[in-house]
Each structure stands twice: as structure tokens, then as C-alpha cells.
Amino acid sequence: MEYTQLGRTGLKVSRLVLGTMNFGPQTDEADSHAIMDAALDAGLNFFDTANVYGWGENKGRTESIIGNWFAKGGDRRDKVVLATKVYGNMAAEGDAWPNHDKLSALNIRRAVDASLKRLGTDRIDVYQFHHIDRSTPFEEIWQAVDVLVQQGKILYAGSSNFPGYKIAQANETAARRGGTIGLVSEQCLYNLAERRAEMEVIPAAQEYGLGVIPWSPLHGGLLGGVIKKEVEGGRRASGRAADSLADPVLRGRIQAYEDLLDKHGVEPGEAALAWLLTRPGITGPIVGPRTAEQLASALRAAELELSAELLAGLDEIFPGPGPSPEAFAW
């Protein structure tokens, strides 16, 4: 497994990030623990979760599954760079109270303590803001973060789903305050089929020294050989992938994509991950395996080298938007 620095920090993380969103809702605790053991054995040291994972009445369940895994010992916690997120309302469904969500200093303090308890740890290595909060000024957010860093409860702060201007605003505010390192990572939607992050988000992250962590690298399964699986009678597309295939133009692109990879003898899902590892500014994509085989496929992708011819073919099928402002101006 290759490692890289997380943005401008001295923190070394694996170039694949283990996403845990399926742990609980789709993968039971025993299988989740087996996947985490296999990931650690393979050298993945960067694990990503969120306080809301588990969803609905089971919000927080995923963090608890990870905490139970840490409790097994074997230096599991010390070997892992642990990232979780704050923003969503953690109150029971139908019982949401004010100040139980978003990024007020009050909710950040409450959410950190609750995550630490579920995770069974004394610190969160990368604490990520799951969404922008239009109501809370960054001065307040950074004040709360500074206190948590001083208390040793978190080490770094990151963002998720931030537009480029909010990355700039957050880090300029941190710089004015002084003594605050600011955001060190951005977790954004980015893959072959969804490249808009190349216009503003990724350039902003690079300018301010943030590592970029793409989520949904297969675009909800769309880039994982979905048409071939349909033809062979396998798992049918659902969610984002099904919606996309309903568009005949996009379905044609996916068919061309699968045909191109078949010609080169490369599995679609592995190619999509390998492509992200070639992109400037990318720390590593999040892989969210439901099964051990899906993890094994992701690990193969980390070793895959895509030829110049194949990369050019992928760009032809899924052209990027181009740089800003030239993508929309002269």
C-alpha cells in the first residue's frame, strides 16, 4: 500500500480510504470487523465514518461498530487514522430539537463527546464538517475547534461537500485568527462521471493545501460495470446509478466506458478507482465495501496502472469541465 501526506500536514495516510457507511445498514458487525481487519492487514490506515451513519433510528450505530472493533485491541486504534463527521441532527426521528445539528459551538462540543464515546477512543484524528453551515460564522467554528484541539479531543479539521469559496473563506478566517491550522482536507463527490469538482473545489483545495478525498468513486455503482451486470442477470442498478441509466445519452456513455475497459481487459470498478489515483491533488478515494470481495477489488485497483491510451479514451468518454474560468468564460 502506498502512503501520502494528508494535504499540507505531516500526517501519512493510505492512498485508499476505508469508508464505513455500509457498516450496520448493509453489513453486520461481524462482517464489518472482518473487513476492517482485512483492510488493516493490507495497509489501509485511513478510516472514514460519520456520526449519522447507521441512519434513521440507528444513527451512531456505525461509530459504535468501529468502537467495538477498536476494543478488540491488537493496536487497532493506534494504527488507524480515524476521521468522522459532524453536522446532521442526531436526535431521534420526530424529536429534533434546536441546536442538535449543524456547526454551532454548542453542537460541535456535544457531537464530539458523543462520537468519542461511541468510538471508544480519546481522540478523533480528522474531524470533518459534513456540510456547510450558512448560519454559523467561521470565527465561532474555529473557536470551538481550537478548544477541542487544546483538549486533545481532535487533531485536525476537514470539510466535506464544501464549494471552493467556502474552503477559501474557512482558511482565510483561520489565518486571520492565527494559531489555527485551518482545514486540512476536503471530502467531495468526484469521479469519472461527475467531474465538476475540477473547476473550483479541487483548485481551491490545492491552493490552500488540503488533501482531496473523493466519495462515491463509482458514482453509486454506475462505473462498476452496471450494464454488464444487468445483462448477466446480476445485481440491478438502484439509486443514482438507476436514475443515470434512464438517460439514454448517459447510458450510451456508460456502454462505451464498459466496452473500452473490456477491450483493455480491465474491470470497470477497478479502473474508476485507479483513474482517481492519477488525478492531481487527490489523497485517495473512499471505498465503501459491503463485502470482503469488494475490498479485494479496491486493493487490486491500487496496484493497477492505466495506459496513456486508456486514460485518453476515458477522457474522451467523460470529458472534464476544464479549468475555471475558461470552462464558462473566455
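Throughout, a residue's number is its position along its own chain's written sequence, starting from 1. Only residues with pLDDT of at least 70 get local features here, since the model is predicted, and only at 80 or more are side-chain atom pairs given and counted; chain-wide, interface and lining totals rely on the full set of residues. Computation of side-chain values: all heavy atoms of the structure, hydrogens and water removed.

### A few points about the pairing of strand S9 (residues 211-215)
The two faces of the sheet receive side chains in turn, since in a regular strand these alternate between them. To be explicit about the condition: Here's how the labels work: a residue is buried when its accessible area is under 20% of the maximum for its type, exposed when over 50%, partly exposed in between, all with a 1.4 Å probe on protein chains only. Strands are runs of DSSP state E lasting at least 2 residues, helices are runs of H or I lasting at least 4, and numbering of each runs from the N terminus. Pairing between strands requires that DSSP locate at least two bridges from one strand to the other.
Counting buried positions along S9 yields four of five residues, so the element is predominantly enclosed. Of the strand pairs in this sheet, strand S8 (residues 183-189) and S9 are connected by five bridges, and their pairing is parallel. If you follow Cys-188 over to S9, its bridge partner there is Pro-214.

### What about the side chain of Lys-166?
Applicable threshold: Pairs of residues are marked as contacts when any of their non-hydrogen atoms sit within 4.5 Å.
Among the structural elements, Lys-166 can be located in helix H6 (residues 164-177). Ignoring any residue separated from it by four or fewer positions in sequence, one finds Lys-166 in contact with Ile-132 and Phe-138.

### Considering H6
The periodicity of an α-helix, 3.6 residues per turn, causes residues three or four positions apart to be oriented the same way. The condition is simple: Take the number of residues in a helix, subtract one, and multiply by 1.5 Å to get its expected span.
Along its 14 residues, H6 runs 20 Å from first to last C-alpha, staying within 8% of the 20 Å computed at 1.5 Å per residue. Among the residues of H6, Gly-164, Lys-166, Ile-167, Ala-168, Ala-170, Asn-171, Thr-173 and Ala-174 are the ones counted as buried. Residues of H6 that are buried in the fold lie against helix H5 (138-151), strand S7 (154-160), S8 and helix H7 (201-207). Immediately downstream of H6, the backbone of Gly-178 shows phi near 75°, a positive value.

### A closer look at the pairing of S8
Inclusion rule: Crossover handedness is defined here as right-handed if the route from the first strand over the helix to the second strand goes clockwise, with the strands pointing away from the viewer.
Judged by how many residues are buried, S8 sits mostly within the fold: six of seven residues are covered. Relative to S8, S7 is paired through three bridges, and the arrangement is parallel. Bridging across to S8, Ser-159 finds its partner in Glu-186. What joins S7 to S8 is H6, and the crossover it makes is right-handed. Of the crossover connections in this fold, the one passing from S8 over H7 to the parallel S9 is right-handed.

### Overview of the packing of aromatic side chains
As a reminder, the rule being used: By convention, a stacked pair of Phe, Tyr or Trp rings (six-membered ring in the case of Trp) has centres within 6.5 Å and planes under 30 degrees apart, an edge-to-face pair has planes over 60 apart, and any other such pair is tilted. Two limits define a charge over a ring: the Lys NZ or Arg CZ must be within 6 Å of the ring centre, and within 35 degrees of the ring normal.
Scanning the model with the defined rule gives seven aromatic pairs in all. Centre to centre, the rings of Tyr-53 and Trp-55 are 5.4 Å apart; their planes meet at 50°, and the pair counts as tilted. On the basis of relative accessibility, which here comes to 7%, the residue Tyr-53 falls in the buried class. Look at Trp-55 and you get partly exposed, because its relative accessible area is 40%. Geometry around Phe-70 places Arg-77 over its ring, the cationic atom sitting 5.4 Å from the centre.

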